[in-house]
Amino acid sequence: MTDRQLVGKPVPRKEGRDKVTGQARYIDDLHFPDMLYGVTVRSNAPRGRIQRIEFENDAIPWSELTVVTARDIPGENSVALILLDQPYLADEFVNHREEAVLLLAHPDRHLVEKARRAVRIEIEPLPAIFSIEDSLNRKEVIWGEDNIFKSFQVEKGNVDEVWEGADFIIEGEYQTGAQEQLYIENNGVIALASPEDGVTVWGSMQCPYYVHKALLKLFPLPEEKIRVIQVETGGGFGGKEEYPSMIAGHAALLAWKSGRPVKLVYDRAEDMAATTKRHPSLTKHRTAVTRDGKLLGIEIDFTVDGGAYATLSSVVLSRGTIHAAGPYNCANVRIKSRAVATNAPPHGAFRGFGAPQSIFALERHLNKVAATVGLTPEEFRRRNFLHEGETTATGQVIHEKVDLNGLMERAFELSDYYQKRESFAEANKFSVKKKGIGFASFMHGAGFTGSGEQYLQSVVGVEATTEGRIRILAASTEIGQGTNTIFGQIAAEALKLDYDLIEVAKPDTGNVPNSGPTVASRTVMIVGKLVESAALGLKQTLVQGGFLTEDYTQENFQTACLAYIEKHGALKSFSQYKQPETIRWDDEKYQGDAYGAYAWAVYVAEVTVDPLTYEAHVDDFVALQEVGRVIHPILAAGQIEGGVAQAIGFTLFENVVWQDGRMANSQMTNYIIPTAADIPPIRVFFEETPYAGGPSGAKGIGELPMDGAAPAILNAIEHATGLSFNHVPLMPEALMLEMEKS
Amino acid sequence: MPDENGKCAVPCTVNGEAVTLHAYPMARLLDVLREELRLTGTKEGCGEGECGACSVLLDGALVNSCLVPILQAEGAQIKTIEGVASGEQLHAVQQAFIECGGAQCGICTPGMVLAAINLLEKNANPDETAIRNGLAGNLCRCTGYIKIFESVVRACQNTEAKS
């Protein structure tokens, strides 16, 4: 047998050829006969009561248009996710400026756009709130009884007892802004719907079964009459986790009423303004330390702005809360957190999912703590890093081999940290431009939090086709990160077959089992493991049925599959997630094993601050991480590079300007993301300590790179300028204000 | 001259083939390519000339087709992503994007490939600064650009090795 080892090899991306030749078909590339184009008419007030809707402009043939309001909804008017508080279409009240009120469709997409502008929705305004402070102070109560979607409290040891004996108590306050995912392909779907044939939706999405669940509430149909198919998706980053349920419902409602296929594709301005963004956050730290720099107690108060409806805020809050105390060993920790309501469009999933916000606060704060104690940032961390056998804030005992100090030293070698720390400080005395170097150390848990994976009970199938090929059946989507390729590698490795022999079925709820959502850095570690076990199950079936012996060639295997299909009709093997006995989690107390595994990382940023233009530029970036076994070195590095680039945007470029709860700069012209000219060399390094729970030892990596860049860069800016900035995005205006003062 | 529907006949060459397009004078080249010719490899990302997903080559120049009124294409040589490979034979840039991981979600890729080809036509051996500047009009949200830079370098190496 030839050497078929595939894990760790940079095999070609499964759909790579289609992508580089322009043959890959995304939702806006599909065209159905008799198709209508849909548009969404939205609220024009941040909060209020709808008085009347008028159709102005007599030149528009209104009778030719399909018009859908809340009254046309055949099932329940709520987007099913966690709570049922968000309507598909506002009926009486609106709670944010982009809330959908009415839908229109027509065969002429220019006409329907003209019609959209001619609908006048008269809204009697109600007082609205736009900030975390106003929400916490209940300036107006806009959601539930107290504006609180969800709150958590994590307790470890007794933090109340540490303050008295502490040599230093250090406080700090940290803020992060909203961030737009800015996938280059906007949200879009095409729907077909009728009471007889049911509802079928094709779309750009991360989680077909989320959409399926939502449509099941919206239409009075049995499960099997609702079908959701993911088409090639031009990026997601969390932005296509929950929102596609909304747009799919809208298109399906128009299709249901018109009896024709309806395409609903957002343009950039609508996508940026109306769809979810990263939760803005406010974190307060209070830390007790000894004179020799040992952490005695950590108290953290973490709040995220959830926008007008609950959506995924509780889960985002959960991850942010659990990551808030970072990879440090501290006996006494209290984290209190909450997600609050404001009259902004709901904030949602975005790579990192709450962790970039709370880690930013921690990694900035610890530099302040170190300076107060009189230690370097690295020496302070060295004295407090978490080791094997010690416990996290939730009391999770770390059983993995983790060497954060070793990771940090290697990152420093790779970035020449010590030498630059000194030489920059010296050179800055004489140069106009100021250079600095800084770092952050952090971890990111892979998979759903706590009991989440147990609750999901994901399923993956592997089948043999009549062409003698192997096909993977999963709802996990390819959104650029490489799902198809990785799954192909894992199955080929498990079955000792050629990579080219493996195909991955299109995620279609009519054809694939629910392997859970494509989120939470879970696709490789959790779903990949199921691919591996389903593949092994398929082989086992052949061996036990006498069709195959353990020592087989690829030809033997194919022959055995065909013989099995000939005799039994089909050959499929399924595998369902079962939580390992060793993972324990208490949902009430928020204690226990929050994640099956963590990726550990130290990132180092080098910056130049220009005191004439007040620009901060990242000159070099070292990203070192321990992620278990790397399945595909190019895809893995691509995830880290892309994540770091997004995080650099989050830190220095991407400023959502709010005007009464509405994004005022919803254009690529004035919401700026890093270009090819802005990005520093991003030097990616992996340490590989195989994780027994992942396929071939892999852990999750997708979100990790979003976590560390912001604090590393602001730590570097502090080194360069001596100024301490505690909010992102840090725009030149803010730099100017502080630099002119000093 | 516009016909009775207000549409103009616009003769031009698309991917080496002479065609006559029929469109309203201010129709965007992007829409005409996608809707009339069904060349959907050219993508719309922003509709305002910022992201470069709709990049095509117009008489050898890289343009954002969302900003080009169709009348400007009269008599022009237009190349879209569909015209880059020669049959089954991929262009060196396309091959390099596959080898180096230059494409992730793929939505910026057609524009990015054309931008890279345009860059290499002007400068067969660009240094890093030239690559960065040559691609600065094309946004990518997945890769952080690093693998795209590597793809361009690889394309140069592969082309040199052949010649």
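Bear in mind that the values here come from a model prediction, so they are computed numbers and not experimental data.

Draft legend 1. Helix α13 (residues 483-495) of chain A, seen in detail. All names here are of chain A. Helix length check: α13, at 13 residues, gives a terminal C-alpha distance of 18 Å against a target of 18 Å (1.5 Å per residue), a fit within 8%. Where burial is concerned, most of α13 is hidden: 12 out of the 13 residues are buried. On the buried face of α13, the contacting elements are β18 (470-473), β19 (502-504), α14 (523-544), α15 (554-568) and α16 (633-653). Backbone geometry just after α13 places Lys 496 at a positive phi near 55°.

Draft legend 2. Inspection of the sheet that holds strand β11 (residues 226-230) of chain A at higher detail. All names here are of chain A. Pairing is mixed across the open sheet formed by 7 strands, whose spatial order is β3-β5-β1-β12-β9-β10-β11. Strands at the two margins of the open sheet, each flanked by one partner only, are β3 (66-68) and β11. Between one strand axis and the next, the sheet turns by 20° as a mean value, whatever way the strands run. Summarising the sheet, strand β10 (residues 198-203) and β11 pair through 5 bridges and their orientation is parallel. Directly across from Gly 203, in β11, lies its bridge partner Gln 230. Across the sheet, helix α2 (residues 109-117) lies against β1 (36-42) and β5 (100-106), angled at about 15° from β1, the strand it touches most.

Draft legend 3. Seen up close, unusual backbone geometry. For the bond from Val728(A) to Pro729(A), the omega torsion is 0°, close enough to zero to count as cis. With respect to the element layout, Pro729(A) can be found in the loop between β28 (727-728) and α18 (732-741). A positive phi angle, near 50°, is found at Ser521(A), a position not held by glycine. You can see Ser521(A) is positioned in the loop between β19 and α14. At Asn15(B), a position not held by glycine, the phi torsion is positive, near 50°.

Draft legend 4. Geometry of the packing of helix α2 (residues 92-100) of chain B against helix α3 (residues 109-122) of chain B. All names here are of chain B. Running from N to C, α2 and α3 cross one another at 125°; their axes reach a closest spacing of 9 Å. By the angle between their axes, α2 is oblique relative to α3. The crossing of α2 and α3 is right-handed. Contacts between α2 and α3 involve Val 93, Gln 94 and Phe 97 from the first element and Thr 109, Met 112, Val 113, Ala 116, Ile 117 and Leu 120 from the second. Residue composition of the contact of α2 with α3, grouped by class: 7 nonpolar, 2 polar and no charged.

Draft legend 5. Examining the domain arrangement of chain A more closely. Residue and element names in this part refer to chain A. Assigned domains within chain A: domain 1 (16-25 + 452-576), domain 2 (31-126 + 182-274) and domain 3 (281-449 + 589-741). The distance between the C-alpha centroids of domain 1 and domain 3 comes to 36 Å. Counting from both sides, the interface comprises 21 residues of domain 1 and, opposite them, 23 residues of domain 3. Contact with domain 3 buries area across many residues of domain 1, yet Ala 520, Ser 521 and Met 525 alone supply 38% of it, more than any other trio. At the level of secondary structure, the elements contributing two or more residues to the side of domain 1 that touches domain 3 comprise α12 (452-456), α13 and α14. For the side of domain 1 that touches domain 3, the element with the highest residue contribution is α14, accounting for 6 residues. Residues of the side of domain 1 that touches domain 3, tallied by class, amount to 9 nonpolar, 7 polar and 5 charged.

Draft legend 6. Looking closely at the pairing of strand β27 (residues 682-687) of chain A. Residue and element names in this part refer to chain A. Every second residue of β27 is oriented toward a common face, the buried set being Ile 682, Val 684 and Phe 686 and the non-buried set Arg 683, Phe 685 and Glu 687. Two elements, strand β24 (residues 615-626) and β27, share 6 bridges in a ladder whose sense is parallel. Within β27, the residue paired with Phe 621 across the bridge is Ile 682.

Draft legend 7. Looking closely at the domain arrangement of chain B. All names here are of chain B. What the domain assignment lists for chain B is domain 1 (8-83) and domain 2 (92-162). Taking only C-alpha atoms into account, the centre of domain 1 sits 22 Å from that of domain 2. The interface of domain 1 with domain 2 comprises 15 residues on the first partner and 11 residues on the second. A buried area of about 1100 Å², summed over both sides, lies between domain 1 and domain 2, and 63% of it is on carbon and sulfur atoms. For the domain 1 face of the interface with domain 2, the top three residues by lost area are Leu 57, Leu 62 and Ile 81, together amounting to 42%.

Draft legend 8. Looking closely at the packing of aromatic side chains. Residues and elements named next belong to chain A. On inspection of all chains with the given rule, the structure shows 20 aromatic pairs over all chains. An aromatic cluster of three or more residues is present, and its members are Phe 412, Tyr 417, Tyr 418 and Phe 439. Against the face of Phe 650 rests Arg 278, its NZ or CZ located 5.1 Å from the ring centre. For Arg 286, the ring lying beneath its charged end belongs to Trp 163, and the centroid distance is 4.0 Å.

Draft legend 9. Looking closely at the interface of chain B and chain A. Contacts between the two partners involve 45 residues from chain B, matched on the other side by 54 residues from chain A. Summed over both partners, the interface of chain B with chain A comes to about 3800 Å²; 54% of that surface belongs to carbon and sulfur atoms. Between the two partners, chain B and chain A, sit 8 salt bridges. Across the pair Arg109(A) and Asp31(B) runs a salt bridge whose closest N-O atoms are separated by 3.3 Å.

Draft legend 10. Molecular detail of α15(A). All names here are of chain A. Compared with the 21 Å implied by 1.5 Å per residue over 15 residues, the 21 Å span of α15 between its first and last C-alpha is a close match. Those residues of α15 hidden inside the fold are in contact with β17 (459-464), β18, α13, α14 and β20 (571-576). One or two positions beyond α15, positive phi appears at Gly 569, with a value near 95°.

Draft legend 11. Representation of the nonpolar core in the model. In terms of nonpolar packing, the biggest core is built from 103 residues, with Tyr603(A), Phe621(A), Ile713(A), Ile717(A), Leu735(A) and Leu135(B) touching the most fellow members. Broken down by element, this core gets its largest block of residues, 10 residues, from α16(A). In this structure, Leu735(A) is in contact with Val609(A), Tyr614(A), Glu615(A), Ala616(A), Ile717(A), Phe725(A) and Leu730(A), ignoring residues within four places of it in sequence. Of all hydrophobic cores here, the second largest spans 56 residues; its members include Leu362(A), Ala370(A), Val402(A) and Tyr417(A).

Draft legend 12. Main features of the environment of Glu615(A). Residues and elements named next belong to chain A. One can find Glu 615 in strand β24. It is 8.8 Å that separates the C-alpha atoms of Glu 615 and Met 736, two residues lying 121 residues apart in sequence. Excluding residues that lie within four positions of it along the chain, Glu 615 makes contacts with Thr 608, Val 609, Asp 610 and Leu 735. There is a polar contact of 3.1 Å between the side chain of Glu 615 and the side chain of Thr 613.

Draft legend 13. Up close: the sheet that holds strand β2 (residues 48-55) of chain A. Residue and element names in this part refer to chain A. Strands sit in the order β4-β2-β6 across an open sheet of 3 strands; the sheet is antiparallel. Among the strands making up the open sheet, the edge pair consists of β4 (93-94) and β6 (119-125). Where β2 lies against β4, 2 bridges are found, and the strand directions are antiparallel. Along β4, the bridge assignment pairs Arg 49 with Phe 93.

Draft legend 14. Summary view of the pattern of salt bridges. Residues and elements named next belong to chain A. Under the defined criterion, the tally for this structure stands at 64 salt bridges over all chains. Salt-bridge contacts for Lys 699 lead to Glu 400; the nearest nitrogen and oxygen are separated by 2.7 Å. Taken together, the positions of Lys 699 in the loop between β27 and α17 (709-721) and Glu 400 in the loop between α9 (377-382) and α10 (404-415) put the pair 299 residues apart, joining distant regions of the chain. Overall, the relative accessible area of 3% leaves Lys 699 in the buried class. For Glu 400, a relative accessible area of 16% puts it in the buried group.

Draft legend 15. Main features of the pairing of strand β2 (residues 17-23) of chain B. Residues and elements named next belong to chain B. Here strand β1 (residues 8-14) pairs with β2 via 7 bridges, running antiparallel. The residue of β2 that forms the bridge with Val 10 is Leu 21. The antiparallel hairpin formed by β1 and β2 contains 2 residues in its connecting segment, where Asn 15 sits at a positive phi of about 50°.

What counts as what
Residues numbered from 1 in each chain as written. Chains lettered and ligands numbered in written order. Predicted model: local features only at pLDDT ≥ 70, side-chain atom pairs only at ≥ 80, totals over all residues. Heavy atoms only, no water. Helix = DSSP H or I, 4+ residues; strand = E, 2+ residues; numbered from the N terminus. Expected span 1.5 Å × (residues − 1). Buried < 20%, exposed > 50% of the residue type's maximum accessible area, 1.4 Å probe, protein only. Contact = heavy atoms within 4.5 Å. Pairing = 2+ DSSP bridges. Axes fitted to C-alpha atoms, helices over the stretch in contact; angles between N-to-C directions. Parallel < 35°, antiparallel > 145°, perpendicular 65-115°, else oblique. Left-handed = near helix turned anticlockwise from the far one by under 90°. Nonpolar A, V, L, I, M, F, W, Y, C, P; charged D, E, K, R; others polar. Domains from an automatic or database assignment. Buried area = accessible area lost by both parts, 1.4 Å probe. Phe/Tyr/Trp six-rings, centres within 6.5 Å; stacked < 30°, edge-to-face > 60°. Lys NZ or Arg CZ within 6 Å of the ring centre and 35° of its normal. Salt bridge = Lys/Arg side-chain N within 4 Å of Asp/Glu carboxyl O. Core = buried A, V, L, I, M, F, W, Y, C linked by side-chain atoms within 4.5 Å. Polar contact = N/O pair within 3.5 Å; in protein donor to acceptor, adjacent residues only side chain to side chain.

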